[in-house]
Amino acid sequence: MKVLFGISFIGLYFISFSQKGSVKGIVKDDANQPIQGASIIYRKDITVGATTDEKGNYDLIIPSGPARLVCKFTGMKSDTITINVIENQTLEINFNLQPFVVNQKQVEIKVGKFDKPIEEQTVTMVVLKPELIENKNTRSIETALDQTPGLNILDGEPQIRGGSGFTFGVGSKVAVIVDDMPMLSGDAGRPEWGFIPVENISQIEVIKGAASVLSGSSALSGSVHIRTAYPKSKPLTKINVYSGAYSSPQDKSMKWWSQYPGIYGVNFLHSQMFGNLDLVVGGNVNIDHGYIGPPKTDSIVATVFPDTITNFSERDLISKRGRINFNLRYRSKKIKGLSYGSNGNFMLMHTNMPLAWLNDSSGLYRAYPGAIFLQDQFIFNVDPFVNLFTQTDGKHYFRTRILHVDNEMSANQSNRATTFYGDYMFQKSYPELKNLDFIGGVASTFTNSFANIYVGSGSPNNQMLNISAYTQLESKFNKALNVSVGGRLEYFQLNDTITALKPIFRAGASLKLYQETFLRASYGQGYRFPTITERFIRTGVGNFGVFPNPNLKPESSWNAEIGIKQGLKLGGVMGYLDIAGFWQQYQNTIEYMFGIWRQFTGDPQTLGQSAGFMFLNTGESRVTGLDVSFAGQANLSENSSLTFLMGYNYIVPKTLTPDFVYAQDSLNRIFTYNSTSLDPSNRILKYRFLHNAKFDAEFTYKKKLSIGLSAKYFSKIVNMDAIIKDFEELTTDTTSDIGNWLQDLRYMDYYDSHRFGNWIFDARLSYNLNESHKLAVIGTNILNRTYSLRPLKIEPPRSIMVQYTYRIEGKEKRR
């Protein structure tokens, strides 16, 4: 009986073996390129499958008969097919996979220094494409960046995940990088948003969390990387003309202007390859009437303290800008992989810089006397470069930049600075070392600044040198685990007397758990050396001054996070959901504080020599929170689709040293977090939004009609400087001399009556007349909400713009 059973079992085994067939084929992407590492799974038994090789080939043996095969690959839509497998025969089945998010305007496949898929990044990153910038009629790049989840541009100052408060744009804690080189003014560390060529952007990458290893000093809480574009195979000419105006505020008593509050401008771009020469030329002209009006001095105050420095007219405050830029690259015919050239950008601009409103009622849209400046700026950068890409010896990048900023300011606030930057970077992959990717380099920045307002150093001429060496290693194990480590050594020297040497490190990992599921974790350090402005500014303007602090210390940070990125397909909706929890800690945090720093003589004309602001190290702080974003596309029908980008940030920003004494003014007042905060009860840091949400969606019908809607939510500010309340009480106290000398500066009534968050909505409508002509109407703050995001500064009322775009592509040119 046992023998009979054994013979039967062996017979069944051979029968089952013979009842199998073979399936083989190639898996390719939408560009007809083979895909390595794609999975082909037998649906009836998911333990049976195959993986494609470097040529996209696979070979699979499965039981004969009807069968369903599923083909999957990261970043691609899965494809399922039903076949009939014939016994002992081979069936050839090829797959062509489509991108997981087709034409997604906010997602790019390759990002970062190593040009890796965004899913494999070990840090949280959001990528914006140029279509969103154009569709929102972006006149200055910060208005597009402000749509990024977790990034807020507060009065020109970038903030990522609540990593900074408010310092009037000086000493940015977010690095701004254009074409892999820093674009912050050398003396003040201020982003020049209007200078960035919005008409020629390839993509923008926003990295959240300390990023100083590869982004350099200033990347204390993150970095913004902007890449300009070079020509493609077809010549491109694009002209964008726009015109519009501001609406009157909801309360008509707040309207101050007598002229038409218009906005006008034009962008142009031409991009073309001439043999081995790549040329891009672009530019912008913009005229903006503005919504902030000139100050009005109270008649009584004017007899004691007349406004002689900000008595501007409406015409004086009209902003004007002209900019022209170029990218020039030559690809060598003699030496394969060698390219060299130069990029450049030049701008002239006249604008105004308001610091505080006139009052919190009818004067919201006017400036306070002595608290607005006129600026005439000339700025340019020239960027010579040489790149050599070899097959066996890696890639060599040598980049340089000369950045010159000359600001002619009212009230003797003029300054100029020239920054020289150089960077050599080497990049190579080592397949024999588990596909190790290596980046290493050295960089140097030298700034020469001249300004009478920086005499706090003892001289109007100040110089700062920064030399750094950096490296980062990345490797992928078992096609699933991506690990990166890096380090940077920074050296600073200021005026031959102040020096600093600081090593910083980072590490991260990304694990592919399933075809569309990625788990990541990272740790990174940040370090920022104080700018010339923060240390040495010494000026008195109107009622107040700004005082130097030569002993200001560098600030540093570290950031740890864990996150997951999940690809989703729900019906016709496809996208990536990203969730990250983060912990950021800061040491020697630099803030802008008001005090009586010099003894007051009693003369109202010398008040600005005694009272004013100073940059101070305020101790240690911590920001923890949750960062959620969802980007994707919905195919609603054969002719209609919807693209979207949305996100939500929740932060808990707290001081760790509430009783730390960081200053004492001439009145012997002690400065701590507790003594300087309006509401220190929960130790919440000043000028932070605990809740922040962003949303942008665009519906397209037949690739002709598009309707877009954007929304932003900012929760109320929980804490701010108590001096704002104290100063209001001082200026409104008619029983004191100072109360009679100074014009009332009111804010607290507005603050108390606006203890709620703000929803701001923008909308756009466009129609493609044909491939070359498009008309659009764009509205910002379409509900015309009157709102303020930082104390004493009102945000713009509604504006409506009409935009015409002419675009023409030539015939394809082969390289």
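Residues numbered from 1 in each chain as written. Predicted model: local features only at pLDDT ≥ 70, side-chain atom pairs only at ≥ 80, totals over all residues. Heavy atoms only, no water.

Chemist: Just checking my understanding: could you explain the overall build of the chain for this structure?
Modeler: Looking only at helices and strands, one finds ten helices and 45 strands in the chain. A principal-axis box enclosing the C-alpha atoms of the chain has dimensions of 115 × 60 × 55 Å. Here the chain, with 815 residues, has 55% of them falling under the buried criterion. Within the chain, contacts between residues separated by at least 24 positions form 67% of all contacts whose residues are at least 6 apart in sequence. For the chain, the accessible surface area stands at approximately 34,800 Å², while carbon and sulfur atoms represent 57% of it. Between the mean site of the 84 positive side-chain charges and the mean site of the 73 negative ones, the chain shows a separation of 7 Å. (Helix = DSSP H or I, 4+ residues; strand = E, 2+ residues; numbered from the N terminus. Buried < 20%, exposed > 50% of the residue type's maximum accessible area, 1.4 Å probe, protein only. Contact = heavy atoms within 4.5 Å. Areas by Shrake-Rupley, 256 points an atom, 1.4 Å probe, with all protein chains shown as cover. Lys, Arg positive; Asp, Glu negative; His and termini not counted. Charge placed at Lys NZ, Arg CZ, Asp CG, Glu CD.)

Chemist: Sorry if this is basic, but what is going on with a nonpolar patch on the surface here?
Modeler: Judged by side-chain polarity, I239, V241, F268, I324, F346, L348 and F378 come together as a nonpolar surface patch covering roughly 560 Å² of accessible area. Elements with a minimum of two residues in the nonpolar patch: β18 (236-246) and β22 (338-354). For L348, the location among the structural elements is in strand β22. (Patch = residues over 30% accessible without salt bridge, like charges linked within 9 Å, V, L, I, M, F, W, Y side chains within 5 Å. Salt bridge = Lys/Arg side-chain N within 4 Å of Asp/Glu carboxyl O.)

Chemist: Mind showing me how you'd approach the environment of I62 here?
Modeler: Along the chain, I62 turns up in strand β4 (residues 57-63). Spatially, the C-alpha atoms of I62 and G21 are 5.8 Å apart, while their sequence positions differ by 41 residues. Excluding anything up to four places from it in sequence, I62 contacts K20, G21, V23, Y42, V48, A67, L69 and V85.

Chemist: How do you make sense of the sheet that holds strand β2 (residues 39-42) when you look at a structure like this?
Modeler: Backbone hydrogen bonds are what pair the strands of a sheet, in a parallel or an antiparallel way. Reading across the sheet, the four strands line up as β3-β2-β5-β6 and stay open at both edges, with antiparallel pairing between neighbours. This sheet does not close on itself; its edge strands, each paired only once, are β3 (49-51) and β6 (79-85). The mean angle between the axes of side-by-side strands here comes to 20°, regardless of whether they run parallel or antiparallel. Across seven bridges, strand β5 (residues 65-72) lies against β6 in antiparallel orientation. Within β6, the position partnered with G65 by the bridge is V85. (Pairing = 2+ DSSP bridges. Axes fitted to C-alpha atoms, helices over the stretch in contact; angles between N-to-C directions.)

Chemist: Help me understand the pairing of strand β41 (residues 691-701) in this model?
Modeler: Sheet faces and side chains relate simply in a regular strand, where the side chains alternate between the two faces. Sheet analysis places strand β38 (residues 640-655) next to β41, joined by eleven bridges and oriented antiparallel. Each residue of the ladder has a partner; that of M646, found in β41, is F695. Where β41 meets strand β42 (residues 705-714), ten bridges bridge the pair, whose relative direction is antiparallel. In the strand pairing of β42, F695 is matched with A711. Between β41 and β42, which pair antiparallel in sequence order, lie three residues; one of them, K702, sits at a positive phi of approximately 55°.

Chemist: Teacher, can you tell me more about the environment of I81 here?
Modeler: For I81, the position within the fold is in strand β6. A sequence separation of 729 residues divides I81 from G810, and the C-alpha atoms of the two residues are 40 Å apart. Beyond its immediate stretch of four places on either side in the chain, I81 contacts A67, R68, L69, I93 and F95.

Chemist: Would you take a moment to explain the pattern of salt bridges for this structure?
Modeler: Pairing is possible between side chains that carry opposite charge, provided their charged atoms lie close to one another. Applying the stated criterion across every chain yields a total of 29 salt bridges. With its nearest N and O atoms 3.4 Å apart, the salt bridge here joins K173 to E555. Of this pair, K173 sits in the loop between β13 (157-160) and β14 (174-178) while E555 sits in strand β33 (residues 555-570), and the two are 382 residues apart along the sequence. Judged by its relative accessible area of 5%, K173 falls in the buried class. A residue is classified by how much of its surface remains accessible, and E555, at 1% relative accessible area, is buried. We note a salt bridge from E205 to R227, for which the minimum N-O separation is 3.0 Å. With a gap of 22 residues between them, E205 in strand β16 (residues 201-208) and R227 in strand β17 (residues 222-228) connect regions that are remote in the sequence. Through salt bridges with shared partners, one network takes in R161, K208, R520, E561, K565, D578 and D627.

Chemist: How should the packing of aromatic side chains be read in this particular structure?
Modeler: Ring pairs (aromatic) are described by centroid distance and by the angle formed between their planes. Counted by the stated rule, this structure contains 26 aromatic pairs. Consider the rings of Y246 and Y291, whose centres lie 5.9 Å apart with planes at 55°: the pair is tilted. Separated by 45 residues along the polypeptide, Y246 in strand β18 and Y291 in the loop between β20 (277-288) and α5 (299-304) bring together distant segments of the chain. Take Y246 and Y291: they sit in the same class, and that class is buried. Here F346 and F380 contribute two aromatic rings whose centre-to-centre distance is 5.5 Å and whose plane-to-plane angle is 15°, an arrangement assigned as stacked. Residue F346 is found in strand β22, and its partner F380 is found in strand β23 (residues 372-389); the two are separated by 34 residues along the sequence. Given the relative accessible area of 19%, F380 is considered buried. Through successive ring pairs, a cluster of aromatic residues spans Y592, F594, F613, F615 and F727. The side chain of K395 reaches across the aromatic face of F389, ending 5.2 Å from its centre. Lying across the ring of F529, R535 places its NZ or CZ 4.9 Å from the centre. (Phe/Tyr/Trp six-rings, centres within 6.5 Å; stacked < 30°, edge-to-face > 60°. Lys NZ or Arg CZ within 6 Å of the ring centre and 35° of its normal.)

Chemist: How should I be thinking about the environment of A521 in this particular structure?
Modeler: The topology assignment puts A521 in strand β30 (residues 517-528). Residues A521 and D393 lie 128 residues apart in sequence; the distance between their C-alpha atoms is 31 Å. Here A521 is in contact with T122, A507, G508, A509, E561 and I562, once residues within four sequence places are set aside.

Chemist: Quick question: what am I supposed to make of the side chain of E205 here?
Modeler: Classification of E205 as buried rests on a relative accessible area of 3%. Of the polar contacts made by the side chain of E205, one reaches the side chain of R227; its length is 3.0 Å. (Polar contact = N/O pair within 3.5 Å; in protein donor to acceptor, adjacent residues only side chain to side chain.)

Chemist: Which parts of the structure should I look at to understand the confidence of the model for the chain?
Modeler: Interpretation of this model should avoid reading the predicted coordinates in detail wherever pLDDT is low. Here the chain averages 88 in pLDDT, and 92% of its residues register 70 or above. When the criterion is pLDDT under 50, residues 1-17 qualifies, and its contacts beyond four places in sequence or with other chains add up to zero contacts. pLDDT under 50 marks residues 101-111. Its contacts with residues more than four places away, or in other chains, come to 51 contacts. (pLDDT = per-residue confidence, 0-100.)

Chemist: Hey, could you run me through the nonpolar core in this one?
Modeler: Among soluble globular proteins, nonpolar side chains are generally buried collectively. By size, the foremost hydrophobic cluster in this structure holds 45 residues, and its most contacted members are W357, L364, Y365, M720, Y747 and I794. Mapped by element, the contributors of at least two residues to this core are β18, β23, β35 (590-596), α8 (723-731) and α10 (748-753). With three residues, the single largest contributor to this core is α10. Those residues in contact with L364, other than ones at most four positions away along the chain, are M254, W357, N359, Y750, T786 and I794. Among the nonpolar cores identified, the runner-up in size contains 31 residues, and I133, I160, V224 and L645 belong to it. (Core = buried A, V, L, I, M, F, W, Y, C linked by side-chain atoms within 4.5 Å.)

Chemist: Would you take a moment to explain α8 for this structure?
Modeler: In an α-helix, one turn spans 3.6 residues, which is why side chains three or four residues apart end up on the same side. What α8 keeps buried is the set I724, F727, E728 and T731. Take α8 and look down its axis: the buried residues cluster within an arc of 105°, on one side only. (Arc of directions from axis to C-beta.)

Chemist: Is there a simple way to explain the sheet that holds β17 in this structure?
Modeler: The mixed open sheet is built from five strands, whose spatial order is β11-β16-β17-β14-β15. Either end of the sheet is taken by a strand with one partner, and the two such strands are β11 (124-128) and β15 (181-182). Both β14 and β15 contribute to a ladder of two bridges, which runs antiparallel. Within the sheet, the bridge partner assigned to I177 lies in β15 and is P182.

Chemist: In this structure, what is going on with unusual backbone geometry? I would like to understand it.
Modeler: Working note: non-glycine residues mostly have negative phi, and peptide bonds are mostly trans. Despite not being glycine, R161 shows a phi value in the positive range, around 55°. Mapping R161 onto the fold places it in the loop between β13 and β14. Take R161: its relative accessible area is 2%, and that puts it in the buried class. At K703, a residue that is not glycine, the phi angle is positive and equals roughly 55°.

Chemist: Looking at this structure, how should I read the pairing of β17?
Modeler: By the criterion of burial, β17 is predominantly enclosed, with six of the seven residues buried. Relative to β17, β14 runs parallel, the two sharing five bridges. Paired with V176 across the two strands is V224, which belongs to β17. As defined by bridge partners, β16 adjoins β17 across seven bridges and the pair is classed as antiparallel. Bridge pairing in β17 places Q203 opposite R227.

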